[in-house]
Amino acid sequence: MVKRSLRPAAPAPGRLVAAGTGLVAVTYGVVRYGYGLQLPTLTSELGLSSAAAGAIAAGSFAAYCAAALGAQRAMARRSPRTVVWAAAALAAAGAVLVGLSWSSAGLAGGGLVAGGGAGAASPARGAAVGGTVDGRRAGRMQAVVNSGTGVGVALVGAATLVAPDVWRPVWCAAAVGAVVTAAVGARSARGPAAPVARPGGRARGAGGGGGGGGGG
């Protein structure tokens, strides 16, 4: 009689990598770089001055850096899945704010929130992939995931060329994409489900998993 294992089936790395690539495409390719690609249209419709456009870009990048550092610290107390969800929520909220903005102030607020989502996604995504994919394959899978930046830039660039005035649906679609890819990635990741220990420190649970590079 064949004995059946009671252990749950291991998640498919391919689905996790596809979800990670999609999350990078949204958070980096659309949310982080889409602003620059769509800036001529945004300037025309919202009446942005050169100073305001530059300040919004600088603020978004500052939020990105701060969120990346914050996410790295948060993983000492929270699981990577939790941080991925937080990043997706920030990216989605920021994208919605941009998509619904009718003033430079609304656009600036959305850019700050969305930039934070892009920064927070990177450390947790890398840990999730590193904890699910074994050994030497992890580096290759991380490279595939990071290629999502180019995918997102290509998509938003094509949309801008074809229909530059239809930028609001692009950002709203990015919000949906952030949530969907985070959900698929969270279900597909094997670990680490517990907080990740910093180098030289102790984990507060069953840690593990590799770090992740940026998406672009």
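The model shown is predicted, which means the values in this text are computed figures rather than measured ones. Starting from 1, residues in each chain are numbered consecutively following that chain's sequence as written. At least 70 in pLDDT is required for a residue's local features to be given in this predicted model, at least 80 for side-chain atom pairs to be given and counted, and no such filter applies to totals for whole chains, interfaces and linings, which use all residues. Hydrogens and water are ignored here; the side-chain numbers use all heavy atoms of the structure.

Colleague: Looking at this model, I keep getting lost on the overall build of the protein. Mind explaining?
Modeller: A count of helices and strands for the protein gives 9 helices and 0 strands. Runs of E in the DSSP output that reach at least two residues are strands. Runs of H or I that reach at least four are helices, and both are numbered from the N terminus. Helices and strands in the protein line up, N terminus first, as α-α-α-α-α-α-α-α-α. Counting over 216 residues, the protein shows a buried share of 46%. Whether two residues are in contact is decided by their heavy atoms: any pair within 4.5 Å suffices. In the protein, the proportion of contacts linking residues at least 24 apart, taken out of those at least 6 apart, comes to 83%. Accessible area is worked out with a 1.4 Å probe on protein chains only. A residue is then buried under 20% of its type maximum, exposed over 50%, and partly exposed in between.

Colleague: Sorry, what's going on with the packing of helix H1 (residues 13-32) against helix H7 (residues 137-146) here?
Modeller: In a pair of packed helices, the angle between the axes and the distance between the axes together describe the arrangement. Each axis is a line fitted through C-alpha atoms, and for a helix only the stretch in contact is used; angles between axes span 0 to 180 degrees, taken between their N-to-C directions. Remark: H1 packs on H7, axes separated minimally by 7 Å, with the N-to-C direction vectors making an angle of 35 degrees. Touching Pro13, Val17, Gly20, Thr21 and Val24 of H1 are Arg137, Met141, Val144, Val145 and Asn146, all from H7. Residue composition of the contact of H1 with H7, grouped by class: 6 nonpolar, 3 polar and 1 charged. Charged residues are taken to be Asp, Glu, Lys and Arg, nonpolar residues to be Ala, Val, Leu, Ile, Met, Phe, Trp, Tyr, Cys and Pro, and polar residues to be all remaining types, Gly included.

Colleague: Help me understand the packing of helix H5 (residues 80-99) against helix H9 (residues 168-188) in this model?
Modeller: Packing of H5 against H9 leaves a shortest axis separation of 7 Å and a crossing angle of 170 degrees. Comparing the axis directions of H5 and H9 gives the class roughly antiparallel. In this structure, H5 uses Arg81, Val84, Trp85, Ala88, Ala91, Ala92, Ala95, Val96, Val98 and Gly99 to contact H9, whose residues at the interface are Arg168, Trp171, Cys172, Ala174, Ala175, Ala178, Val179, Ala182, Ala183 and Ala186. Taken together, the residues of the contact of H5 with H9 break down into 17 nonpolar, 1 polar and 2 charged. An angle below 35 degrees is read as roughly parallel, one above 145 as roughly antiparallel, one from 65 to 115 as roughly perpendicular, and any other as oblique.

Colleague: For this particular structure, what's the right way to read H1?
Modeller: In an α-helix, one turn spans 3.6 residues, which is why side chains three or four residues apart end up on the same side. In this scheme, the bend at a residue equals the angle between the axes fitted to the seven residues that finish there and the seven that begin there. If you look at H1, its biggest bend is around 25 degrees, right at alanine 25. H1 sits mainly inside the fold: 16 of its 20 residues count as buried.

Colleague: Looking at this structure, I do not really get the confidence of the model for the protein. What am I missing?
Modeller: Close reading of the predicted structure is inappropriate where its pLDDT is low. Residue-level confidence of the predictor, termed pLDDT, takes values from 0 up to 100. Looking at the protein, pLDDT values average 81 and 81% of them are 70 or higher. Taken element by element, the protein is modelled with least confidence in H7, mean pLDDT 81, and with most confidence in helix H4 (residues 50-74), mean pLDDT 94. Predicted confidence is poor over residues 1-10, with pLDDT under 50, and the contacts of this stretch with residues over four places away or in other chains come to 1 contact. Contacts for the low-pLDDT stretch residues 199-214, under 50 throughout, to residues beyond four places or in other chains number 34 contacts.

Colleague: Explanation requested: H9 in the structure shown.
Modeller: The span expected for a helix works out to 1.5 Å for each residue beyond the first. Taking 1.5 Å of rise per residue, the 21 residues of H9 would be expected to cover 30 Å, and the 31 Å separating its terminal C-alpha atoms lies within 8% of that figure. Buried within H9 we find Arg168, Val170, Trp171, Ala174, Ala175, Gly177, Ala178, Thr181, Ala182, Gly185, Ala186 and Ser188.

Colleague: Please clarify how the environment of glutamine 72 should be interpreted in this entry.
Modeller: Within the fold, glutamine 72 resides in helix H4. Residues glutamine 72 and alanine 124 lie 52 residues apart in sequence; the distance between their C-alpha atoms is 7.6 Å.

Colleague: Honestly, the side chain of threonine 27 in this entry has me stumped. Any pointers?
Modeller: Note that threonine 27 resides in helix H1. In protein, a polar contact means a hydrogen-donor-capable atom and an acceptor-capable atom, both N or O and within 3.5 Å, with residues adjacent in sequence counting only if both atoms are side-chain atoms; elsewhere, any N or O pair within 3.5 Å suffices. Only 2.7 Å separates the side chain of threonine 27 from the backbone oxygen of leucine 23, close enough to count as a polar contact. When neighbours within four sequence positions are excluded, threonine 27 is seen to be in contact with Arg32, Ala91, Ala118 and Ala121.

Colleague: What should I look at first to understand the packing of aromatic side chains in this one?
Modeller: By convention, a stacked pair of Phe, Tyr or Trp rings (six-membered ring in the case of Trp) has centres within 6.5 Å and planes under 30 degrees apart, an edge-to-face pair has planes over 60 apart, and any other such pair is tilted. The final tally for this structure, using the stated rule, is 2 aromatic pairs. Considering the side-chain rings of tyrosine 28 and tyrosine 64, the 6.0 Å spacing of their centres and the 80 degrees angle between planes classify their relative orientation as edge-to-face. Of this pair, tyrosine 28 sits in helix H1 while tyrosine 64 is found in helix H4, placing the two residues 36 residues apart along the sequence. An identical accessibility class is assigned to tyrosine 28 and tyrosine 64; each is buried. An aromatic cluster of at least three residues, connected via ring pairs, comprises Tyr28, Phe61 and Tyr64. We count a charge as sitting over a ring when the NZ of a lysine or the CZ of an arginine lies within 6 Å of the ring centre and within 35 degrees of the ring normal. We note arginine 32 situated over the ring of tyrosine 64; from NZ or CZ to the ring centre the distance is 4.0 Å. Just above the ring of tryptophan 102 sits the side chain of arginine 168; from NZ or CZ to the centre is 3.6 Å.

Colleague: Would you mind showing me how to read the nonpolar core here?
Modeller: Across soluble globular proteins, nonpolar side chains show a tendency to be buried alongside one another. Think of a nonpolar core as a cluster: buried Ala, Val, Leu, Ile, Met, Phe, Trp, Tyr and Cys residues, connected wherever their side-chain atoms sit within 4.5 Å. Tyr35, Leu42, Leu48, Leu107, Trp167 and Trp171 are the most contacted members of the largest nonpolar core, which totals 22 residues. The set of elements that each furnish at least two residues to this core consists of H1, helix H3 (39-46), H4, H5, helix H6 (104-132) and H9. When residues of this core are assigned to their parent elements, the largest contribution, 5 residues, is made by H9. Apart from the residues within four sequence positions on either side, tryptophan 167 is in contact with Gln38, Thr41, Leu42, Glu45, Leu46, Val98, Gly99 and Ser101. In terms of nonpolar packing, the next biggest core, distinct from the first, is built from 14 residues, Val83, Val84, Ala88 and Ala182 among them.

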